[in-house]
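Working through the structure, step by step
Next come the chains, spelled out residue by residue.
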Amino acid sequence: MPEPSITENLEETKQLAFRVIDFLLGHGIAPAPLSYAVIYEYLGGTNGELRQRLDEHLQTGKALDEFLLRDLHDIYLITDAYQQQYAMGGDLRELLNNLLEHLSEAGEGTKAYHQSLQKNIAHLQKPVEPASLRAIAVDILETTEAAQARTSLLQARLETSQQETERLRAELEQQRREAQIDPLTGLFNRRALDAHLNRLMTTEEGEKLSMVLLDIDYFKQVNDTYGHALGDAVIRSVANTIRKCIRGDDYPVRFGGEEFLVLLPNTSLDGAAKVAETIRVRIEALRLVRRRDNLALKPFTVSLGVAQRQPDDTRESLFERADRALYQSKQGGRNRVTVGSA
């Protein structure tokens, strides 16, 4: 079968580009480079895992937003963070190679010192003239001083290597934290949630675990009325309010564009419902004003769903009950808390 011509390849690429742009505009998303790259991979069918994840999201009927696309980009496409970690891996390999070289040099020096001492001890086992005795003493002194110099040099090199190791460790830890934090709100992101929820789901069944899922009501109207900059300010305000309403062990997550999730370990269903109600009341009372022109935003609200882990729960079934409760809050008029049944 003949290879497709350059013209045919160009035409296919052009048609795919039109499909990507139509797809994004059809979901109300600007064809920015990051969003374009994700949907190009999705429609091109070159990334099976990304396609499955996005298909599952679309099948739920939920809106597609830039937040989700950024999340998919970070997980399934090459990121700067990955490249930085790869580069640091090279630095670490070089550091280890240098350490091995230093230790090898130290080993050779120790071996030479040992041989010198053995040679001089052998000489001393026989009658020795004073002149030869002085020569042996000088040789021992010189080899000892050389060994001390090598030891000092090795110590200095090891200290430098230790400092470099600490620097690399700190950078890796910083990147690990940044990879788990939502940059807009400072809350944990969905990737961090996956790992943390997996750990919590493996605890003893007798230990309580509750989940609160919340969504900003009519958020699209906020963006349409005031613009995305103030929309981001609303999201940050909700995140800050959530943070003030929870304890140190609780785990707040920005789950979607205007959707948040809070894991409440060692918390009963009633306790979680009280936390959810506190969040709802405080957000309802928020009054935001734009600084540059003192424009007062209209009050906004959130709807919340609460669920508690049951003995036979998986992470999916727990989330499903919380999501169902959130849906009931929205269907019931919004700005309310619904507690999911077991």
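You'll find the structure just up there.
Rules used throughout
- Residues numbered from 1 in each chain as written.
- Predicted model: local features only at pLDDT ≥ 70, side-chain atom pairs only at ≥ 80, totals over all residues.
- Heavy atoms only, no water.
- Helix = DSSP H or I, 4+ residues; strand = E, 2+ residues; numbered from the N terminus.
- Buried < 20%, exposed > 50% of the residue type's maximum accessible area, 1.4 Å probe, protein only.
- Contact = heavy atoms within 4.5 Å.
- Areas by Shrake-Rupley, 256 points an atom, 1.4 Å probe, with all protein chains shown as cover.
- Salt bridge = Lys/Arg side-chain N within 4 Å of Asp/Glu carboxyl O.
- Arc of directions from axis to C-beta.
- Phe/Tyr/Trp six-rings, centres within 6.5 Å; stacked < 30°, edge-to-face > 60°.
- Lys NZ or Arg CZ within 6 Å of the ring centre and 35° of its normal.
- Polar contact = N/O pair within 3.5 Å; in protein donor to acceptor, adjacent residues only side chain to side chain.

Details of the overall build of the chain
Regarding its fold elements, the chain presents 11 helices and seven strands. Counting across all 342 residues of the chain, residues that qualify as buried make up 36%. The long-range fraction of contacts in the chain, counting pairs at least 24 apart against all pairs at least 6 apart in sequence, stands at 66%. Taken as a whole, the chain presents about 20,700 Å² of accessible surface, with 53% of it coming from carbon and sulfur.

Things to note about the pattern of salt bridges
Enumeration according to the criterion identifies 13 salt bridges in this entry. Among the salt bridges present, the one from R254 reaches D182, with a minimum N-O distance of 3.3 Å. Taken together, the residues span a long stretch of sequence, with R254 in strand 2 (residues 251–254) and D182 in the loop between helix 6 (130–178) and helix 7 (190–201) at a distance of 72 residues. Exposure remark for R254: the relative accessible area of 4% places this residue in the buried category. Members of the salt-bridge network, linked through shared partners, are D215, D217, K330 and R334.

Examining helix 8 (residues 219–226)
Restricting attention to buried positions, one finds in helix 8 the residues F219, V222, N223 and Y226. Axial view of helix 8: buried residues confined to an arc of 95 degrees, hence all on one face. Along helix 8, exposed side chains directed more than 90 degrees from the buried face belong to K220, D224 and T225. Residues of helix 8 that are buried in the fold lie against strand 1 (209–216), helix 9 (228–244), strand 4 (289–290) and strand 5 (295–296).

Section: the packing of aromatic side chains
One pass over the full model with this rule turns up four aromatic pairs. Here F23 and Y42 contribute two aromatic rings whose centre-to-centre distance is 5.8 Å and whose plane-to-plane angle is 55 degrees, an arrangement assigned as tilted. Of this pair, F23 sits in helix 1 (residues 6–26) while Y42 sits in helix 2 (residues 33–44); the two residues are 19 residues apart in sequence, bridging distant segments of the chain. Here F188 and Y251 contribute two aromatic rings whose centre-to-centre distance is 4.0 Å and whose plane-to-plane angle is 5 degrees, an arrangement assigned as stacked. Placement of F188 in the loop between helix 6 and helix 7 and of Y251 in strand 2 is noted, with a sequence separation of 63 residues between them. Look at F188 and you get partly exposed, because its relative accessible area is 24%. Y251 gets classed as buried once you look at its relative accessible area, which sits at 8%. Positioned over the ring face of Y42 is R51, at 5.0 Å from the centre of the ring. Of note, R190 hangs over the ring of F255, and the distance from its end group to the ring centre comes to 4.5 Å.

Section: the side chain of H196
Its place among the elements puts H196 in helix 7. When its relative accessible area of 16% is taken as the criterion, H196 is described as buried. Residue contacts for H196: discarding those within four places in its chain leaves Y251 and L263.

Considerations on the environment of Y226
Tracing the chain through its elements places Y226 in helix 8. Y226 sits 64 residues away from R290 along the chain, and the two C-alpha atoms are 10.0 Å apart. Discounting residues that sit within four places of it in the chain, Y226 has contacts with R290, L295, A296, L297 and K298. In this structure the side chain of Y226 is engaged in a polar contact, spanning 3.0 Å, whose partner is the backbone nitrogen of K298.

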